[in-house]
Amino acid sequence: MNKVEIDWTRCDGHGLCAGLLPDDVVLDEWGFPVLRGREITAGELPDARRAVLACPALALRLSSR
């Protein structure tokens, strides 16, 4: 099972993750990501990897639990 995780000590609220993973990440009223907490499907895995690599604050990671 793959999930996206956020390192809150790094996140600056750029919002790129929500643009790349709209089914898994929404932005709160301050522009910070809120994870829906669901498993990343096999079809979403390439987009999830792109979101992790695109994060300017290096705050995203994929975990496989």
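Up top you'll find the structure we're talking about.
A brief look at the structure comes next. Note that the structure is a prediction, hence the values are computed from the model and not measured. (Residues numbered from 1 in each chain as written. Predicted model: local features only at pLDDT ≥ 70, side-chain atom pairs only at ≥ 80, totals over all residues. Heavy atoms only, no water.)

### A look at the overall build of the chain
And step 1. A tally of regular secondary structure across the chain gives 2 helices and 4 strands.
And step 2. Secondary structure elements of the chain occur, N-terminal to C-terminal, as β-α-β-β-α-β.
And step 3. Against the globule reference of 11 Å for 65 residues, the chain gives a C-alpha radius of gyration of 11 Å, in line with a compact fold.
And step 4. Seen through its principal axes, the chain has C-alpha atoms that stretch 30 × 20 × 20 Å.
And step 5. For the chain, buried positions account for 35% of its 65 residues.
And step 6. Counted over contacts in the chain with a minimum sequence separation of 6, partners at least 24 positions apart contribute 55%.
And step 7. Approximately 4100 Å² of the chain is accessible, and the part contributed by carbon and sulfur atoms is 54%. (Helix = DSSP H or I, 4+ residues; strand = E, 2+ residues; numbered from the N terminus. Rg over C-alpha atoms; globule rule 2.2 N^0.38 Å. Buried < 20%, exposed > 50% of the residue type's maximum accessible area, 1.4 Å probe, protein only. Contact = heavy atoms within 4.5 Å. Areas by Shrake-Rupley, 256 points an atom, 1.4 Å probe, with all protein chains shown as cover.)

### Points about empty space enclosed by the protein
And step 1. Counted according to the given criterion, the structure contains 1 cavity of 30 Å³ or more.
And step 2. The calculated volume of the largest cavity comes to roughly 90 Å³.
And step 3. Residue lining of the largest cavity: 14 residues in total, with Cys-11, His-14, Gly-15, Cys-17 and Cys-55 positioned closest to the centre.
And step 4. Its residues placed into classes, the lining of the largest cavity shows 10 nonpolar, 3 polar and 1 charged. (1 Å grid on protein atoms, 1.4 Å probe; cavity = no way out; pocket = protein on both sides within 12 Å on 5 of 7 lines; lining within 4 Å. Points joined across faces, edges and corners; volume = space filled by probe spheres on them. Nonpolar A, V, L, I, M, F, W, Y, C, P; charged D, E, K, R; others polar.)

Honestly, it's all geometry; don't read function into it.
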